Amino acid sequence: MPAANALKCSPSTAVTEDNSSPIRLPAWAALQQHARRLDGTAIEALFAQDPDRPRALALEHDGLYADFSKQLIDGAVRDALLALADQSGLAQGVEALFGGHHVNFTEDRPALHMALRGGAAVPAGDAAKLAESTQRMRAFVRELRAGRLLGASGEPIRDVVNLGIGGSDLGPRMVCEALAGRQDGPLRVHFVANIDPQELDETLPRCRPESTLFILSSKSFTTLETLANARAARAWLEAGLGAGADTGLHFAAVSNQEAQAGAFGIAAQRVFSVPAWVGGRFSVWSAVGLPALIALGEEGFDALLGGARSVDEHFRDAPPARNLPVMLALTGIWNGNFLGIGDFAALPYAHGLRSFPTWLQQLEMESNGKRCLLDGSRAEFHTAPVVFGHAGTVGQHAFHQLLYQGTRRVAIDFIVPVLGADERSRALYENALAQSEALMRGRDLHTSRTQLRAQGLPVAEVERLAPHLVCDGNQPSTTLLLPDLSPHTLGQLLALYEHKTFVQGWIWGINSFDQYGVELGKEMARSLADPQGQPTHASTAALLAAIARLRS
Ligand code: F6P
């Protein structure tokens, strides 16, 4: 946020008003001028201007290597972006974030997910409760992993089913997928999020009531999908274990609504709390990460926390020009706010990171998919882009055609763990590098003609086809290399994007930590579900009538 309207907040009070939009900052106008200056400039041309460009625009931290050289950025643009961060008072914002100030200014609370991994101090008033819940949770997991946690019929638990959605699903699900090879012990972890009965129905046959534990994961303990699935799970247990069985032995809860969890029948010692200052999309480090703790064990989960802490320290200490989260954020702002690129693709070249794009969608689009600024005014500029992606190389055979020859420019982050040494692993990262280069360089008409002539086609055919082979190129990308896909590097990766998200929201002057928009959809769904209620709109009434006909 603009330094002129510096964040006026303290650990106990919310941010006050008077933050103007970033477009009034001098750096914003300078960046608009740079965008005009570079209009029509090919990214590749910047390499000719500076042979040292690949090294000059690479940043490294703790094994991570980020190559920004395929962004349409030169020294002057980088300096102007850094000036924008400075004029936005970013340094003050980082201190406010880590200092536990109420950066979540609408809900009047801090955002201290970093405190869960030792990257910031836990608020003194919460330290004892968090420590008690964490120790109790870890003892519970040790019992579970040792086969000493027994169900109602005396059998040890063998399957764990996480019932949660959004931040109560995406983080732990992705961590368990990414680190599947590192899971040890006899336990199997499953995830069910959707209220569509099919997801739970597909999972239950793989489990036995006698040896299954359900984790009811819901910070609010009000989420329709999760509670509906929990009731269905309990019915399955009752059917399988017989009337009167203590189904409470087959549940644990992750929530900060302990009373509601108790009312559902979950014993207090199995309710693990999530502090109010941990947002759902930032919560994998908290008790929400319980499935990952179960799958990885304490050593693996602590390594995940350690990787994130490493990035916390980097984010706090590294100068902005050498700061990976800051530069990820600033290149995103450059592409979105100055080059008019409204779409952003996150392409992880690892099967284990196949759910990373969906996790990132919630992180970036639920955090920064907003238009209301701190001072209540409406943004006169774009905020979060549409985020999409899929694991490479699969995405290459699905949507990369649009990246090559579509009418939209798309900014891309290639996320490339350098995995095994066999030919397929090598081909995986070679494809990532090839895609980033091909999307930057494109294929002009002359090259298209040459390729067609080389196939021996007659001239008329060459002329007919050549325009269809042209790829404009100039799709900007960042390539992030990870030394491997381990708990440490996965923790680094997630923290990188958490802090990128914070930096962008700070500069845009929005609150990255609330989500009032999705509440509207939930309210509409609740009113529709009310048997006494009436359809709220003619289109809805007509659709309900059509559904009734289809179902009849
Ligand atoms: O999507 C809205 C949201 O509130 C997310 O922010 C959150 O991660 C998800 O729903 C689940 O919420 P809860 O953990 O309270 O069930």
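The preceding data block contains the structure.
Attention here is on the structure that accompanies the text. Please read all numbers here as calculations on a predicted model, not as lab measurements.

**Regarding the sheet that holds strand β7 (residues 271-272)**
Sheet strands pair by backbone hydrogen bonding; their relative direction is either parallel or antiparallel.
Argument step 1. Strand order in the open sheet formed by 5 strands is β4-β3-β5-β6-β7, with parallel pairing between adjacent strands. Taken across any chain shown, the strands that pair with only one partner, and hence form the sheet edges, are β4 (188-192) and β7.
Argument step 2. With 5 bridges joining them, strand β3 (residues 159-163) and strand β5 (residues 212-217) adopt parallel strand pairing. Pairing of aspartate 159 across the sheet is with threonine 212, part of β5.
Argument step 3. In the packing of helix α9 (residues 224-241) onto the sheet, contacts are made with β3, β4, β5 and β6 (251-254), and the angle to β5 comes to roughly 160°.

**A look at the state of the cysteines**
Argument step 1. Under the definition given, this model contains 0 disulfides.
Argument step 2. Sulfur of cysteine 207: no disulfide; nearest cysteine sulfur belongs to cysteine 176 and is 14 Å away.

**Description of unusual backbone geometry**
Argument step 1. Residue threonine 393 is bonded to the preceding glycine 392 through a cis peptide linkage, with omega at 10°.
Argument step 2. Among the secondary structure elements, threonine 393 is positioned in the loop between β9 (386-388) and α14 (400-405).
Argument step 3. Even without being glycine, aspartate 62 reaches a positive phi, approximately 50°.
Argument step 4. In this structure, aspartate 62 sits in the loop between β1 (58-61) and β2 (64-67).
Argument step 5. Positive phi is not limited to glycine here, since asparagine 474 has a value of about 60°.
Argument step 6. Of note, asparagine 474 is situated in the loop between α17 (459-469) and β11 (477-482).

**Side note on the site of the ligand**
Argument step 1. Taken together, 15 residues lie near the ligand, and Ser168, Ser218, Ser220, Thr223 and Glu366 sit nearest.
Argument step 2. In the environment of the ligand, an oxygen atom lies 2.6 Å from a nitrogen or oxygen atom belonging to the side chain of serine 220.
Argument step 3. Protein chains shield 88% of the accessible area of the ligand, which is 390 Å² for the free molecule.
Argument step 4. Within the residue set of the shell around the ligand, elements represented by two or more residues are α13 (356-368) and α19 (516-529).

**What about the packing of aromatic side chains?**
Argument step 1. Summed over the entire model, instances satisfying the criterion amount to 15 aromatic pairs.
Argument step 2. Centroid distance phenylalanine 388 to phenylalanine 399: 5.4 Å. Interplanar angle 75°. Geometry classified as edge-to-face. Taken together, the positions of phenylalanine 388 in strand β9 and phenylalanine 399 in the loop between β9 and α14 put the pair 11 residues apart, joining distant regions of the chain.
Argument step 3. The class of phenylalanine 388 is partly exposed, set by a relative accessible area of 24%.

**Description of the side chain of histidine 113**
Argument step 1. Along the chain, histidine 113 falls in the loop between α5 (90-98) and α6 (124-145).
Argument step 2. You can call histidine 113 buried: its relative accessible area is 2%.
Argument step 3. Residues within four places of histidine 113 in sequence aside, it is in contact with Trp277, Phe282, Trp285, Glu498 and Phe513.

**Notes on the packing of helix α16 (residues 445-454) against α17**
Each packed pair of helices is defined by two parameters, the angle between the axes and the distance between the axes.
Argument step 1. Between α16 and α17, the least distance of the axes is 8 Å, while the angle of their chain directions is 130°. Put simply, α16 runs oblique to α17. Taken as a pair, α16 and α17 cross one another with a handedness that is right-handed. Seen from α16, the contacting residues are Leu445, Ser448, Arg449, Gln451, Leu452 and Arg453; seen from α17, they are Val462, Glu463, Leu465, Ala466, Pro467 and Leu469.

**With respect to the pattern of salt bridges**
Argument step 1. In the structure shown here, the tally under the stated rule is 30 salt bridges.
Argument step 2. In this structure, the salt-bridge partner of glutamate 95 is arginine 316, at a minimum N-O distance of 3.4 Å. Placement of glutamate 95 in helix α5 and of arginine 316 in helix α11 (residues 290-317) is noted, with a sequence separation of 221 residues between them.
Argument step 3. Between arginine 142 and glutamate 298 there is a salt bridge, and its shortest N-O distance comes to 2.6 Å. Of this pair, arginine 142 sits in helix α6 while glutamate 298 sits in helix α11, and the two are 156 residues apart along the sequence.
Argument step 4. The structure contains a network of salt bridges with shared partners spanning Arg138, Arg142, Glu298 and Asp302.

What counts, and at which threshold
Counting starts from 1 at the beginning of each chain's written sequence and moves along it residue by residue. For this predicted model, a pLDDT threshold of at least 70 governs which residues receive local features, and a threshold of 80 or more governs which side-chain atom pairs are given and counted, while totals over whole chains, interfaces and linings are taken from all residues. Heavy atoms throughout the structure, all of them, feed into the side-chain values; hydrogens and water do not. A pair of strands counts as paired when DSSP detects no fewer than two bridges linking them. Only DSSP runs of H or I reaching four residues or more are called helices, and only runs of E reaching two or more are called strands; each is numbered from the N terminus. The contact rule is simple, with two residues in contact once any of their heavy atoms fall within 4.5 Å. Each axis is a line fitted through C-alpha atoms, and for a helix only the stretch in contact is used; angles between axes span 0 to 180 degrees, taken between their N-to-C directions. Count a disulfide wherever a pair of cysteine sulfur atoms falls within 2.5 Å. Nearness is judged by heavy atoms alone; a residue qualifies as near a molecule or strand once a single heavy atom is within 4 Å of it. In the analysis that follows, any N or O atom pair within 3.5 Å is treated as a polar contact, provided that within protein one partner can donate a hydrogen and the other can accept it, and provided that, for residues neighboring in sequence, both atoms belong to side chains. Surface accessibility in these figures is a Shrake-Rupley result with a 1.4 Å probe; residues are shielded only by whichever protein chains are displayed. Centre distance within 6.5 Å is the pairing criterion for rings of Phe, Tyr and Trp, where only the six-membered ring of Trp is used; planes under 30 degrees apart are then read as stacked, over 60 as edge-to-face, and the remainder as tilted. For each residue, the accessible area found with a 1.4 Å probe, counting protein chains only, is set against the maximum for its type, and the residue is called buried under 20%, exposed over 50%, and partly exposed in between. Working rule for angles: under 35 degrees goes down as roughly parallel, over 145 as roughly antiparallel, 65 to 115 as roughly perpendicular, anything else as oblique. Handedness of each helix crossing follows the sense of rotation of the near helix against the far helix: counterclockwise by less than a right angle gives left-handed, clockwise gives right-handed. For this analysis, a salt bridge means a side-chain nitrogen from Lys or Arg found within 4 Å of a carboxyl oxygen belonging to Asp or Glu.

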